[in-house]
Amino acid sequence: MDGNEFIYKSDNSKILEDGSFTWKAPSNIALVKYWGKRELQEPENPSISFTLSNCFTETTLEFTKNKIPKIFSVPDNNTDFKQSLSQRTFKFDIFLDGVKKPEFSKKISEFVVRIARLVPFITDYNCVIKTHNSFPHSSGIASSASGMAALALCIMSMEKALNPSMSDELFYKKASFLARLGSGSAARSIKGELVVWGEHSEIEDSSDWYGVEFPHKVHDNFKNYQDTILLVDKGEKVVSSTVGHNLMHGHPFAEKRFEQANENLSKLSEILQNGDLKAFVNLVESEALTLHAMMMTSNPYFILMKPNTLEIINKIWEFRTRTNSNVCFTLDAGANVHVLFPEKEKELVNDLIVNELIQFCQKNEYIWDSVGSGAKQM
Ligand code: DP6
């Protein structure tokens with residue numbers, strides 16, 4: 001694969017004057033973490049995540065063909081394109097829950113600059129982006145994965161309308177490719193229950209450019225796996241993802257960490273197939289703590305857990321010793337805790353969450369979630 005298949009091929013017979021597309025794309029939670037990236041959002045190591053179900057972004061992209069004829073052709077490189085973009089006027093307004101959000105424009109404009117060579121038709125339209133997150137904006141849950149995935153899918157629906165012969169396989173691969181250019185983890189928010197992003201020798205067709213569905217049969221123990229998100233800190237992220245990933249450049253443990261992530265993905269692939277829940281717990285918790293260890297040992301250094309994050313972790317460990325449950329935790333680059341457990345332990349772990357854990361959440365708030373199957377067109 002050389003990337004050429006992602007270049008837009010126009011079917012000149014199709015005319016798209018105006019219209020709208022709506023996609024609902026899920027959030028995801030990484031089991032083996034992506035932390036460290038190269039130019040153009042290529043990950044330093046492969047990662048794998050569970051797709052979520054209740055945490056999603058729903059985006060509608062309304063578009064109207066620009067009546068002013070195109071003066072500029074698409075240049076060969078993005079730097080030239082950046083300069084000409086303002087003149088080519090990709091005009092859009094963005095609304096979150098009906099409220100205009102000019103502060104989101106910069107991120108979207110940068111995204112369009114990155115993807116414009118692959119979807120050049122986009123600058124022929126004036127667009128309105130209407131978006132809604134199922135989780136509260138101030139929940140500490142990042143909306144970039146689900147948000148970028150939903151927008152990428154809307155743009156792909158425009159491409160499909162202009163080029164109906166495009167296969168479904170290419171549609172989803174290119175959607176993941178575009179989403180990745182908006183936010184790395186968004187590449188994993190397109191399709192499938194378990195998604196691998198980043199090249200790995202044992203995962204067929206895996207790529208640094210797009211996410212692929214985990215290709216093996218998953219053991220029943222992991223069917224409809226549960227994820228309850230405990231909202232320990234609902235504030236803005238302390239460390240932006242760009243700053244965070246950059247911490248891995250020149251990090252003293254970087255190479256070892258990238259190697260370990262590759263090994264952990266091999267091990268997790270086995271575990272997901274053989275259903276070994278104890279091994280799953282061990283690997284997933286170790287990955288979460290390693291992610292935070294990378295932040296604590298970088299320079300500048302950060303502690304992103306809060307005292308209540310540790311209280312929750314200790315309660316989970318005590319509970320496991322007491323009950324032999326397979327409940328475990330994982331963390332993002334923040335203080336919130338994802339409590340993961342098999343569906344058959346729902347009742348048991350529910351008691352733990354309600355009686356012992358939610359006291360450590362801000363305003364006792366938490367979100368029930370479980371594994372979902374990917375984005376849906378509405
Ligand atoms: C800790 O995908 O938010 O959640 O590519 O800069 O947008 P950008 O970063 P982002 O990083 C997510 C990091 C993580 C781990 C993971 O999801 O794998």
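Here, the structure is the one placed above.
Here the structure is a predicted model, which means the values were calculated and not measured. (Residues numbered from 1 in each chain as written. Predicted model: local features only at pLDDT ≥ 70, side-chain atom pairs only at ≥ 80, totals over all residues. Heavy atoms only, no water.)

Chemist: Honestly, the nonpolar core in this entry has me stumped. Any pointers?
Modeler: Side chains that are nonpolar tend, in soluble globular proteins, to be buried together. Counting 78 residues, the largest nonpolar core has L31, I48, I155, M158, L268 and F280 as the members making the most contacts within it. Among the elements that take part in this core, helix α3 (residues 144-162) stands out by supplying twelve residues, more than any other. Leaving out residues up to four positions away in the same chain, I155 has contacts with L61, F111, I115, V119, F121, I122 and L178. In terms of nonpolar packing, the next biggest core, distinct from the first, is built from 22 residues, M305, I313, F341 and L352 among them. (Core = buried A, V, L, I, M, F, W, Y, C linked by side-chain atoms within 4.5 Å. Buried < 20%, exposed > 50% of the residue type's maximum accessible area, 1.4 Å probe, protein only. Helix = DSSP H or I, 4+ residues; strand = E, 2+ residues; numbered from the N terminus. Contact = heavy atoms within 4.5 Å.)

Chemist: Before we go on, may I ask you to explain the pattern of salt bridges in this structure?
Modeler: Where charged atoms of side chains with opposite charge meet at close range, the side chains can pair. One pass over the full model with this rule turns up 18 salt bridges. R38 is paired through a salt bridge with E44; the nearest N and O atoms lie 3.5 Å apart. Measuring nitrogen to oxygen at the nearest pair gives 4.0 Å for the salt bridge that ties K306 to D233. Highlighted residues: K306 in the loop between α7 (277-296) and α8 (307-323) and D233 in the loop between β10 (226-230) and α5 (241-246), separated in sequence by 73 residues. A cluster of three or more residues bridged by salt bridges with shared partners is formed by R38, E42, E44 and D208. (Salt bridge = Lys/Arg side-chain N within 4 Å of Asp/Glu carboxyl O.)

Chemist: Help me understand the pairing of strand β8 (residues 194-197), please; the structure alone is not making it clear to me.
Modeler: Side-chain direction in a regular strand flips from residue to residue, so the side chains alternate between the two faces of the sheet. Where burial is concerned, the two faces of β8 agree: the one with L194 and V196 and the one with V195 and W197 are both buried. In this structure, strand β4 (residues 47-65) lies alongside β8, joined through four bridges in antiparallel fashion. Directly across from S49, in β8, lies its bridge partner V195. Sheet topology places β8 next to strand β9 (residues 211-213); three bridges connect them, and they run antiparallel. Looking at the pairing, V195 lines up with E213 of β9. (Pairing = 2+ DSSP bridges.)

Chemist: When you look at unusual backbone geometry in this model, what are you seeing that I'm missing?
Modeler: It is generally the case that most residues other than glycine have a negative phi and that most peptide bonds are trans. Of note, the amide linkage connecting N299 to P300 takes the cis form, showing an omega dihedral of 5°. Summarising the element assignment, P300 is placed in the loop between α7 and α8. In this structure, Q41 takes a positive phi of about 60° despite not being glycine. Note that Q41 resides in the loop between β2 (37-38) and β3 (42-43). Residue Q41 is classed as buried on the basis of its relative accessible area, which comes to 4%.

Chemist: Help me understand the site of the ligand, please; the structure alone is not making it clear to me.
Modeler: Near the ligand you find 15 residues, and of these Y34, K37, S183, G184 and S185 are the closest. Take Q41: an N or O atom from its side chain is 3.4 Å from an oxygen atom of the ligand. Here S185 contributes a side-chain N or O atom positioned 2.6 Å from an oxygen atom of the ligand. Taken by itself the ligand offers 460 Å² of open surface, and the protein chains cover 93% of this. Here the shell around the ligand is built from residues that sort into five nonpolar, six polar and four charged. (Near = heavy atom within 4 Å. Polar contact = N/O pair within 3.5 Å; in protein donor to acceptor, adjacent residues only side chain to side chain. Areas by Shrake-Rupley, 256 points an atom, 1.4 Å probe, with all protein chains shown as cover. Nonpolar A, V, L, I, M, F, W, Y, C, P; charged D, E, K, R; others polar.)

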